[in-house]
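# Examination of the molecular architecture
Listed below are the residues making up each chain.
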Amino acid sequence: MSDLMQEKQFSEILENLSDELDVTPSQYEDAERKYKAVGEWLATPGSLLADFRPEIYPQGSIKLGTAVKPVEGNEFDVDLVCEMKALPLLDQKTVKDLVGVRLSNNENYRKMLQEKKRCWRLDYAGQFHMDILPARPDLHKGNGCVLVPDRDLKEWKESNPKGYASWFEDRMVVIRAKMARMYAEIEDLPDNGRLRTPLQRAVQILKRYRDVVFKNKQDNAPLSIIITTLAAKAYTNEADLFIALMEIIQGMPRQIQYINGQPAVLNPTNPAENFAEKWISNPELYEIFRQWLGALRRDLLSVLPRRGMAAITEDLSPMFGEHTVSKAVLRYADNMELRRSTGLLRMTSGSGTLGTMAGTPLRKNTFFGD
Amino acid sequence: MTVPAQASCLKQSFPESTIKYNRTHNGLTWKGRLRPTAMSPSYLVRILYVLGERPNVTVIDPPLENRNGECIPHMFGQKRLCLFRYKHDEWDSSMRIDRTIIPWTCLWLFYYEIWLATGEWRGGGEHPEMNDSEQKTEQDDK
């Protein structure tokens, strides 16, 4: 039995894990319907904000396809930008307050509305929460660049959510083409038609490992934007998830840049912005980040020689959460059952290993007995 | 299918397995290693077969485990694997053991591993009536 086959199987388990971590297609559609309704409310002709021409669009993990379910509860984040295309010269606080007033004019939204430092949150209890960040176009930079209030509502900060999303997407162009060809050949598109790349899955796995490891010390947790940026830079269009993950984990430290001797993670769409500003004031965080990455690498490698799904589950549970791992294993089993019921399943002579490539096709059988 | 014909097919598909004839009972004992997935242990499996009877499949090593004291699903008396139903015409002695009983054993082991990890049997199947004894269960199934 070659290591390659074990890696391939481990990849399949990890794929199911990332599917389990992901926002489901129906959750995604629901969120999309809801934020579009919010957008229409904000832009209703004749209303408070209408003249400012507000447009609402997703940013962050929900846009990138790297969202993960929280370790506890079901509510995931939907980060939205409310870009007001024709905003007069108003200060940050006034702009934020105007959005809040318009939202609270709606009876439904008023009940769900929570004020955050620089944005407004609509809490759809038990489903997700939407953070709506007011923004204005950055007329100097153009190209979708915006200005958003800082946390103290004192300044406009540069931001480029659309640019970042297209940079991230560019990192997957080769693998997307390869996957599209592969799926065209086997005519087996996933039911939602949404192909997820190993990079997106790897980011989800990294983020969940972060959420579990730093559950009780969240201040030390590496930021999602740092994880996502370094992972995307380290990704080499590898198709196998386990190999991609190992490459990414090993490659991430090499993507850290040094500015005046300080480690920095620069925004690929705006090199003036350092996502790792906190590492400057607290150098220990950089060390914690390195150690955390090293621990993930060791933990993943230690699963590979384990034998039997019970042992694998036992190893993965403390890494990613017991409930999630258990559900991922059942997903994995149900994929096998799907191959069985559709007549794709085969057994290799000599070893008895099950697969779909070659060997004895499995006849229909019914397990019986107590 | 004769017992020697079964034996030769078994040896062909699993060259490293061992086969012993039981001439007085017109049967054979097969012992071989099966690994249902690359990350599975290699299970030592024994099949006792007497022509005209249900092949008797047991896992010798590693020993099968209970889960928190719960019985393992789809076994006769927690000893033999229940792989098929005569009632659904899934098996008769004209069929090759290496192409039916053994692949089903691998499938059973796959679902057993999932069950041991999660507590759920995802391979489907049917259960005998509550008041049937084990013997009765095996026979009534015909």
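No experiment lies behind these values; they were computed from the predicted model shown. (Residues numbered from 1 in each chain as written. Chains lettered and ligands numbered in written order. Predicted model: local features only at pLDDT ≥ 70, side-chain atom pairs only at ≥ 80, totals over all residues. Heavy atoms only, no water.)

The helix and strand inventory of chain B stands at 3 helices and 6 strands. Ordered by position in the sequence, the α and β elements of chain B form the string α-β-β-β-β-β-β-α-α. Since a compact globule built from 142 residues should have a radius of gyration of about 14 Å, the 15 Å found for chain B is in line with a globular shape. Projected onto its principal axes, the C-alpha positions of chain B cover 40 × 35 × 25 Å. Residues counted as buried form 50% of the 142 residues belonging to chain B. (Helix = DSSP H or I, 4+ residues; strand = E, 2+ residues; numbered from the N terminus. Rg over C-alpha atoms; globule rule 2.2 N^0.38 Å. Buried < 20%, exposed > 50% of the residue type's maximum accessible area, 1.4 Å probe, protein only.)

Turning our eyes to something else, we now look at the packing of helix H13 (residues 309-320) of chain A against helix H14 (residues 322-341) of chain A. Angle between the axes and distance between the axes: these two values describe a pair of packed helices. All names here are of chain A. Running from amino to carboxyl end, H13 crosses H14 at an angle of 140 degrees, the nearest separation of the two axes being 7 Å. In terms of orientation, H13 lies oblique with respect to H14. Relative to H14, the crossing made by H13 is right-handed. Contact residues: Met309, Thr313, Leu316, Ser317 and Phe320 in H13; Glu322, Thr324, Val325, Val329 and Tyr332 in H14. (Axes fitted to C-alpha atoms, helices over the stretch in contact; angles between N-to-C directions. Parallel < 35°, antiparallel > 145°, perpendicular 65-115°, else oblique. Left-handed = near helix turned anticlockwise from the far one by under 90°. Contact = heavy atoms within 4.5 Å.)

The next point concerns the sheet that holds strand E3 (residues 43-50) of chain B. Residues and elements named next belong to chain B. In spatial order, the strands read E1-E2-E3-E4; together these 4 strands make up an open sheet with antiparallel pairing. If you trace the sheet from one side to the other, it starts and ends with strand E1 (18-22) and strand E4 (56-61), each paired once. Within this sheet the neighbouring strands show an average axis-to-axis angle of 20 degrees, counted without direction. Of the pairings in the sheet, the one linking E3 to E4 comprises 5 bridges and is antiparallel in character. Counted as the bridge partner of isoleucine 47 is valine 57 from E4. (Pairing = 2+ DSSP bridges.)

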